[in-house]
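So you can see what is in the structure, the chains are spelled out below.
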Amino acid sequence: MTKKIFGQPIKRSEDPRLLTGQALFIDDIQISGMLHAAFLRSDYAHARVRSIDVSAALQRPGVVAVYTAKDFSEYWRPGPLQVPPPSAIPGAVFNARTLIPIAKDKVRYSGEPLALVIAESRYIAEDALADIVVDMDPLPVVTDLEKALEAGAPLVHDDLPSNLAANVKQERGNYAEAAAKADLVIKRRLHIDRGAGGAMENRGIVVDWDEKAQSMTIWASTQAPIPLRNSIAARLGLSDTQVRVITPFIGGGFGPKIMTSMPDDVLLPIVARWLKRPVKWIEDRRENFLATTSERDQLHYSELALTKEGKILGLKDVFYHNTGAYDPYGMTVPLNTQTHTMGSYDIPNFYTEVRMVFTNKMVVTPVRGAGRTYGVFVMERLMDEAAKELGMDPIEIRLKNMIQPDQFPLRTGITGQDFVENVLDSGNYPATLIKAREMVEYDKFKKEIQPKLCREGKHVGIGIVSFVEGTGVGPYEGARVAVDTGGKVSVATGISTQGQGHFTVFAQIAAEQLGVDIKDVRVVTGDTGIFHWGAGTFASRGATVAGSAVNKAALMVRKKILEVAGRLFEVSEDKMVLEDGMVKVLDDPSKCMTLGDLSAKSAPTRGITPADFEPGLEATAYFGPPYGATGQGAEAMVVEVDPETLEIKIQRFVLVHDCGTVINPMILEGQVQGGVQMGIGNSYYEQMIYDENGQLMNASFMDYLMPGSTDMPAKMELGHLSTPSPLNPLGIKGVGEAGAIPTPSCFVQAVEDAFPELKLHILDVPLSPSRMFEIVQESKKKI
Amino acid sequence: MKPAPFDYYAPSSITEALDRLAELGYDGKVLAGGQSLIPAMNFRMAQPAALVDLNGIKELDYIRSAPDGGLLIGTMTRDSKVEHDATVAQRAPIVLEAMPHIAHPQIRNRGTFGGAMAHADPAGQLPGLAVALNARFLVKSKTNEYWTAADDFFVGPFGTVIQPDEMLVEVALPALPQRSGTCYRQVSRQKGSQALVGVAVFVVLDEKGKCQSANISMLCVGERPLLAREAAKVLVGQLPVAEAIHAAADIAATKEIDPGSDIHATEEYRRYIAAVLVQRALTEAFKRAQSRGG
Amino acid sequence: MSELVPITVTVNHVQYEREVESRLLLSDFLRHELCLTGTHVGCEHGVCGACTILFDGESMRSCLIFAVQANGHEILTVESLGTVDDLHPLQEAFQEAHGLQCGFCTPGILMSMVPFLEENAHPTEEDIREAISGNLCRCTGYQNIVEAVKLASEKMAAGKS
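Here's what I pulled together on the structure shown here. The shown structure was predicted, so the numbers you read here are calculated from the model rather than taken from an experiment.

### As for the overall build of chain C
Looking only at helices and strands, chain C features five helices and five strands. Secondary structure elements in chain C, listed N-terminal to C-terminal, are β-β-α-β-β-β-α-α-α-α. Taking 161 residues into account, the globule formula puts the C-alpha radius of gyration at 15 Å, and chain C, at 16 Å, falls close to it. If one aligns the C-alpha atoms of chain C with their principal axes, the spans along those axes are about 50 × 35 × 25 Å. Residue burial in chain C is summarised as follows: out of 161 residues, 66% are buried. At a minimum sequence separation of 6, the contacts of chain C that also span at least 24 residues come to 56%.

### Quick notes on the pattern of salt bridges
Counted according to the given criterion, the structure contains 77 salt bridges over all chains. Between D265 of chain A and R203 of chain A there is a salt bridge whose closest N-O contact spans 3.5 Å. Of this pair, D265 of chain A sits in helix α6 (residues 263-275) while R203 of chain A sits in the loop between β9 (184-192) and β10 (204-210), and the two are 62 residues apart along the sequence. Both residues of the pair, D265 of chain A and R203 of chain A, count as buried. Among the ionic pairs, E579 of chain A bridges to K584 of chain A, the shortest N-O distance being 3.2 Å. Among the charged side chains, a salt-bridge network with shared partners connects R41, R60, R122, E126, D127, D131, D284 and E287 of chain A, R44 of chain B together with E21 and R23 of chain C.

### Overview of helix α5 (residues 143-160) of chain C
An ideal rise of 1.5 Å per residue puts 26 Å on 18 residues; α5 of chain C measures up with 26 Å between its terminal C-alpha atoms. Along α5 of chain C, the residues that are buried comprise Q143, N144, I145, V146, A148, V149, A152 and S153 of chain C.

### Digging into the environment of M392 of chain A
All names here are of chain A. Note that M392 resides in the loop between α9 (372-390) and α10 (394-401). Distance in space between the C-alpha atoms of M392 and N336 is 29 Å, their sequence separation being 56 residues. Dropping the residues within four chain positions of it, M392 is found in contact with E309, G310, A387, I397 and K400.

### Points about the sheet that holds β9 of chain A
Residue and element names in this part refer to chain A. Here we have seven strands laid out as an open sheet, ordered β4-β8-β16-β15-β14-β9-β30, and mixed in their pairing. In this open sheet, the two strands that pair with only one neighbour each are β4 (93-94) and β30 (764-765). Where β9 and strand β14 (residues 298-306) come together, nine bridges link them in antiparallel fashion. Directly across from R189, in β14, lies its bridge partner Y301.

### Re the interface of chain C and chain A
Residue-level contacts link 51 residues of chain C with 57 residues of chain A. Contact between chain C and chain A buries roughly 4,400 Å² in total, counting both sides, with carbon and sulfur atoms accounting for 55%. In terms of surface lost to chain A, no three residues of chain C exceed Q95, R138 and Q143 of chain C, which account for 20% of the buried area on that side. At the surface where chain C touches chain A, the tally comes to four salt bridges. The shortest N-O distance in the salt bridge between D127 of chain A and R23 of chain C comes to 2.6 Å. Summed over the shared surface of chain C and chain A, the number is 25 residue pairs in polar contact (both at pLDDT 80 or more).

### Some words on the pairing of strand β19 (residues 459-470) of chain A
All names here are of chain A. Counting buried positions along β19 yields twelve of twelve residues, so the element is predominantly enclosed. Side chains H459, G461, G463, V465, F467 and E469 project from β19 onto one buried face, and the interleaved V460, I462, I464, S466, V468 and G470 project onto a second face that is buried too. With twelve bridges connecting them, β19 and strand β27 (residues 630-641) associate as antiparallel partners. In the strand pairing of β27, S466 is matched with A634.

### Comments concerning the interface of chain B and chain C
The accessible area lost on association of the parts is a frequent measure of interface size. Each partner contributes residues to the interface: chain B has 29 residues there, and chain C has 27 residues. For the pair chain B and chain C, the two sides together bury roughly 2,400 Å², of which 55% comes from carbon and sulfur. With its nearest N and O atoms 3.3 Å apart, the salt bridge here joins E130 of chain C to K191 of chain B. Across the contact surface, chain B and chain C share 14 residue pairs in polar contact (both at pLDDT 80 or more). Elements with a minimum of two residues in the side of chain B that touches chain C: β1 (7-9), α2 (37-42), β3 (50-53) and α6 (105-108) of chain B.

How each quantity is defined
- Residues numbered from 1 in each chain as written.
- Chains lettered and ligands numbered in written order.
- Predicted model: local features only at pLDDT ≥ 70, side-chain atom pairs only at ≥ 80, totals over all residues.
- Heavy atoms only, no water.
- Helix = DSSP H or I, 4+ residues; strand = E, 2+ residues; numbered from the N terminus.
- Rg over C-alpha atoms; globule rule 2.2 N^0.38 Å.
- Buried < 20%, exposed > 50% of the residue type's maximum accessible area, 1.4 Å probe, protein only.
- Contact = heavy atoms within 4.5 Å.
- Salt bridge = Lys/Arg side-chain N within 4 Å of Asp/Glu carboxyl O.
- Expected span 1.5 Å × (residues − 1).
- Pairing = 2+ DSSP bridges.
- Buried area = accessible area lost by both parts, 1.4 Å probe.
- Polar contact = N/O pair within 3.5 Å; in protein donor to acceptor, adjacent residues only side chain to side chain.

Everything listed here is a matter of geometry and, on its own, says nothing about what the molecule does.
Below, the structure is given as structure tokens:
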């Protein structure tokens, strides 16, 4: 490829619309006759529902309908399992208890819907919520992961013998033997607490059923338009062709918008069909915290067995994963943890066991990082703990155990979220760590800067960690590329976009292959009426998998162009070139044609065509990798802790990342920087706090704190290495979660380093000044 | 999150507003900047039957120099106007010190000086300052008007002496005497987020440079801004040296406040940080008092 | 219970006369009554800043103002800045510096920056970072937003000279 466009920091074509307020988001949709929905949600986290009296609500002017579970009769059933169970893993136990659309006999989390009000406005619908009288018998609540598995714990699902949702054990080698031979075994308990996706746009759905056309159009701010379309069609007994899901611009995804079995996904299409009027539901921020899925909240009991020289012999990690009240998303998050615990290191013996637990909290499904963060946290913290005991420096111990460039592909023996063995495809792991060390000037900091500031009474510390990021998983995505008779190129793919720049990135790929100006490429994402095969935007796979499909389809179109032009100009394909939107014969300037004209010639409206004829310059292609590509990198930061207030400030920040081939460096950096914001949030600000009654204490931005501009380091210095992935023709690896994954482990290492005299062992995140105070007080007692 | 319905009144004069409040009694609620009330209404935690909107009353929007050298600020003066006013900078610099901590500029463009006082958030910076400065509040009703001292004005969490048919019309900040110093310090999780603890101090030195008075006002440590009177006693009559300041800070933090634990900080941290902030604020305020000497 | 209140509001230099419920939030009025959907709603409690507009030239949260309170006042929303074919220098700068990803928080940031840049023609990065601290973004990590505003200040200064 000539690489004129691919690899360039091309400005995004979607920006002018977004910048001028002309981009369509879900709540911008206004259809004549549209009604508005609101959910009455349970305050109790666990209770039996005795009765729900909606009669007063029905009397309120402006209320069109009020529904409870009994109104849905045969439609009422637990939703589908969105991700298959881990039956590929021997011995896996999985109890599927999927989301129910609206509470019938029992509520299992605070925020679970009890009734659905449809009214002329959202204001009136909310008024009607207060009219509904619910009679509930509260039940004992279970929120603690370990207590939930004790005998006699209240059962979230009465038909199960316990709150065990799943149990998966995986092993590489034999940990017990390795530990027996070890000079040192580090055992620690670690915890990362729950955080929200926190997209600036809340979820929403608009459903429009056309009774005359017998077809349904759904606008949804979803990361999975095709699975959503399929499940709605199936549920309503409609053909896929009768249901179209269109994603407008989406104000951030980050994971929770991958769900397709949320109460609104299930109930609004049913209701729209009954009422024969369009219905809109837009979540508010309180609901987003309370009743949209979130993630994190895993408790780890981990062990690292090493020689006294610091060589790792084995790793063991037994952990509890809080799935909340239901487990509609299978084992994705904990499986990601299992495949990421060994991280960047060559660990011959690894035992990992997850006990997934039902509790009376909101359901957990992936949020940026999606389980990888804890795997990395466990590994990096154990490394640091071992380093302290052995008197080794953090970089030394990491390099000693790191996977070397000549070890790829490395089969880990651990099955991941795509149900195949996690194989590390390529990379240069030592190189990213060394580069991060150079960029942050680690040695200078330790030898000169830190001692000097320490003498002045300051507490500054440095952290440096290594991480892997599983990306680009299957199963597949597809794309259709076509050149129309006007010479414009259209690209369609099934995945949707939440700000990652797909419109531009996919256009770059197509433009490069077809030799057209990027302005002449129009990308459509997330409209099942235009492209109806695919899985969704998750696991940092958009550019990798859908991008590869776009590339494949573009190459097929390129081939067609050359075939058609070759016949026309009577030259062989290697004598022609595609550039400036034309096909040109290299040695004969008189023989050239615009792609538009060629397209017209390739789809005649009169005459005869050959037997194997396919009209147009169009091709559809699918791409599925054999397994996901693994990005990798290293992060380093310098923090300063105010010795009095114990407030922590990040003074320097470096992240080196290897995501293989880069399509658009500007978009890549944006993705990494954005992930860092969430990583810093998970380290120091963000914590969804439930009390012992299962009540979420901070369901608003006033009390759930997300990093603002002044909470971020003044400059995020990004470095890049590129080891192209052999798993797709473009050599791409995903990068969407890179900023979030390593940050908590790097942050705490740096904070510990700021108090060398206290010898801290910080094994829980997030931190806060108050938490630091507790930590410092506790450690002073030990000295 | 949409608010519940309410009847709406938009008087254009103080008299009209007071008439309306007299009429509405317990049903009526004053709407000033709305930056605290409207979020509560959007959450439906507040559902007033009627709102009396003061935003159209121009006669409540003023910053005047008081003859005694202090300031008179009308209730509906926007926080941002106060923040950028040259006379306020001169006569009540502590207000400018606290303002950048109060939410964000977009909130301060709408929020009002008097509204914050009447709202009486125990975590509010402006009530805390008012108590430190011995501010006075002018409250009016249709038939009555009276002045009250800040320390008497605030009665509890989100509670003041204001009755349903009354409203706050003016805040008077006294003149800062010679050899006085003020200082505001706080710790919050983020810029603009609620303080974990805030301290506003107002100290005066005598001609010998000894502490004549010390108002140590603290927010987020009780049901309303608290004055640390015992701590002040330790300072009065003493030279403001580090040991005395330290002792005062200690007393304030251990004996005079009642901070709770919440999701953002434990009681222990709040007490600890209260001592740190009182020490920092007093040290700086005394320094300023010394440079303002006569 | 509540009757409709007649209001006259000037939005983006156009005068509108409408009758609205007193409780209708200004954000909803702009978006659904006037169909100016560029102003976005993120939280309805005044923290995220996505709904920021200019009210008589000052930046404010439209989710914390009732539409009836805008009677007789002038509102400017993001639609007043520029068009797809004729971007305001601030909007140009955001595109060039990749200061937006999903774009949801962007209109609120742009409207916060309009008065800021009018008063601060040559802001430092620190000034800018402080100035945007009242707007939450989940996508960008803010670094490119700061660069975009810096670039905008340079463009606007060059434009004036």
